[in-house]
Structure formats: C-alpha cells, structure tokens
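Fold and geometry: a report
The lines below spell out each chain.
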Amino acid sequence: MYRLLPILLVATTTYAYEVPITGVVQSRCQIEMDTAGVYGNPNSYTLSTAVSDGGVQPVVRVDVSQADAYYARISHPNSFSSSPSLNDTPTFTGSTEVSSIGDAGMSGYEAAKTTFNNTTQYDLTVAGSTWFKTTSTITNGGQKAFPGGTYRTVVVAERIAK
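Because the structure is predicted, anything quoted here is derived from the model rather than measured. Once a new chain begins, its residue numbering starts again from 1 and follows that chain's sequence as written. Confidence filtering applies because this is a predicted model: local features only for residues at pLDDT of at least 70, side-chain atom pairs given and counted only at 80 or more, and all residues used for totals across whole chains, interfaces and linings. Excluded from the side-chain calculations are hydrogens and water; all other atoms, namely the structure's heavy atoms, are used.

This part covers the overall build of the protein chain. The helix and strand inventory of the protein chain stands at two helices and ten strands. Relative to the globule expectation of 15 Å for 162 residues, the C-alpha radius of gyration of the protein chain, 27 Å, shows a markedly less compact shape. By its C-alpha atoms, the protein chain is 100 × 45 × 25 Å across when sized along the principal axes. A total of 162 residues make up the protein chain; the buried ones form 29% of that total. Residue pairs at least 24 apart in sequence account for 76% of intrachain contacts in the protein chain once pairs closer than 6 positions are excluded. Put simply, the protein chain shows about 10200 Å² of open surface, and 53% of that area lies on carbon and sulfur atoms. For the protein chain, the distance from the average position of its 10 positive side-chain charges to the average position of its 12 negative side-chain charges is 8 Å. Secondary structure follows DSSP: runs of H or I at least 4 residues long count as helices, runs of E at least 2 residues long count as strands, and numbering of each begins at the N terminus. Put simply, the radius of gyration uses C-alpha atoms, and a globule should come to 2.2 Å times the residue count raised to 0.38. Each residue is assigned to one of three classes by its accessible area relative to the maximum for its type, calculated with a 1.4 Å probe on protein chains only: buried under 20%, partly exposed between the two thresholds, exposed over 50%. The contact criterion used is simple: two residues touch if any of their non-hydrogen atoms lie within 4.5 Å. Here the Shrake-Rupley method, with its probe set to 1.4 Å, supplies the accessible areas, and only the displayed protein chains count as covering residues. In this count, Lys and Arg are taken as positive residues and Asp and Glu as negative ones, while His and the chain termini are left out. By convention, charge coordinates are those of NZ in Lys, CZ in Arg, CG in Asp, or CD in Glu.

Okay, here's the thing in structure tokens:
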C-alpha cells in the first residue's frame, strides 16, 4: 500500500502552457488633412476662417474602405493651442459640414449628422472619400482688440469604430 502512494502522486501532476496569439488590426478608415486653415482678421476683435473674412476653412478627408463600420467626429476649436497673452476672454464658435463626397450614397451625411458641444459626428455608411470643412470664429470679449501675434487652434478629426 505504501508503494502505490508515490506512483499516484506522480500520475496526478499536470503541466500548463500559455501559448500567445497575436493579431494586428489595420483601420479601414483613414483621416488626412486636405487644406490647412487660416484665420482672417476682418476687424480688431474677430478671427474667422470664413472666406468672406479673409480666412481659409480647414478641410479634412476621411477615406473609408469598409462601409458602416465607423463614425467620423470632427471638433471645431474651443480654445487656443497657442496665442499671445489676452486682455479678455474670447468666445469660440464654429461648425463642420460636408464639403464634397466621393459617392452619391453619401449625400445624406449632412442631414443625418449629430452635433454636441463643439463636435459634429457623421455615420459613415458608405465606402469611399468624404471631405469635411470646418468654420471657426473667435470674438474677443467686450469687442476688445486682439493683441498682435500668432494665434493657433486645432480642429480634431477622429474615427470611431462602431
């Protein structure tokens, strides 16, 4: 009876191995800058990307190779990324809209967009390229003149997997 005990202990010993599995996922949605924005200065207290104010609207292109798998979220600026020291508190406003489409099926994107805070979201239901332009206007508080210098903001364009 004592001789069987060591054999039973050896027979119940098990070994476990962890075998890794790795995968690389490449997005089927790419975002590219098409046109850099420029602020016009139509008066001393306003900065604007509107063409009528001497500005240039920034444009991003979103390329989707798999339909109905992504949202595009584009946020207009709500603060300066860099600026001279300001003499008042500026007010930021803006909007984003479809400026061009690569497929007729995308014609409903603008009507179906959702907007919250400073962000506009589009449901990218069709494969292909879509161009989005953003308007940004900044008004210095109390109609005080902006100090001279370089002002920078950022439009943030994101792809969100569904």
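Next, the rest of the story.
Moving on: the sheet that holds strand β8 (residues 119–124). A pair of strands is labelled paired if DSSP reports no fewer than 2 bridges between them. Taken together, the four strands give an open sheet; going across it, the order is β7-β8-β5-β10, and neighbouring strands pair in antiparallel fashion. Two strands lie at the open edges of the sheet, namely β7 (114–116) and β10 (156–161), each paired on one side alone. Here the average twist between neighbouring strands, direction ignored, is 20°. Simply put, an axis is a line fit to the C-alpha atoms, just over the touching stretch for a helix, and the angle between two N-to-C directions goes from 0 to 180 degrees.

Take the layout of surface pockets next. Of the volumes computed, that of the largest pocket is approximately 330 Å³. With a 1 Å grid laid over protein atoms only, a set of points is called a cavity when a 1.4 Å probe fits there but cannot get out and a pocket when it is open yet has protein on both sides within 12 Å along at least five of seven lines; lining residues have an atom within 4 Å of a point. What lines the largest pocket is a set of 17 residues, and nearest its centre among them are Gly37, Pro58, Thr153, Val154 and Val155. Polar here means any residue outside two lists: the nonpolar Ala, Val, Leu, Ile, Met, Phe, Trp, Tyr, Cys and Pro, and the charged Asp, Glu, Lys and Arg; Gly therefore counts as polar. Class assignment of the residues belonging to the lining of the largest pocket gives a composition of eleven nonpolar, five polar and one charged. Grid points are joined across faces, edges and corners, and a volume is the space filled by probe spheres set on the points.

Here we take up a nonpolar patch on the surface. A contiguous nonpolar patch, built from Tyr15, Tyr17 and Val19 and spanning about 490 Å² of accessible area, is present on the exposed surface. Within the element layout of this structure, Tyr17 appears in the loop between α1 (4–11) and β1 (29–35). Each patch is assembled from residues with relative accessible area greater than 30% and no salt bridge, linking like charges that lie within 9 Å and nonpolar side chains (Val, Leu, Ile, Met, Phe, Trp, Tyr) that lie within 5 Å. Any Lys or Arg side-chain nitrogen located within 4 Å of an Asp or Glu carboxyl oxygen qualifies as a salt bridge.

A full pass over the atoms with the stated rule returns six salt bridges. Glu97 serves as the salt-bridge partner of Lys133, at 3.4 Å between the closest nitrogen and oxygen. Placement of the pair is Lys133 in strand β9 (residues 128–139) and Glu97 in strand β6 (residues 91–101), with a sequence separation of 36 residues. Residue classification places Lys133 among the partly exposed positions, given a relative accessible area of 24%. By relative accessible area, which is 34% here, Glu97 ends up partly exposed. Asp123 is paired through a salt bridge with Lys162; the nearest N and O atoms lie 2.3 Å apart. Linking Asp123 in strand β8 with Lys162 in the segment after β10, this pair joins segments that are 39 residues apart in sequence.

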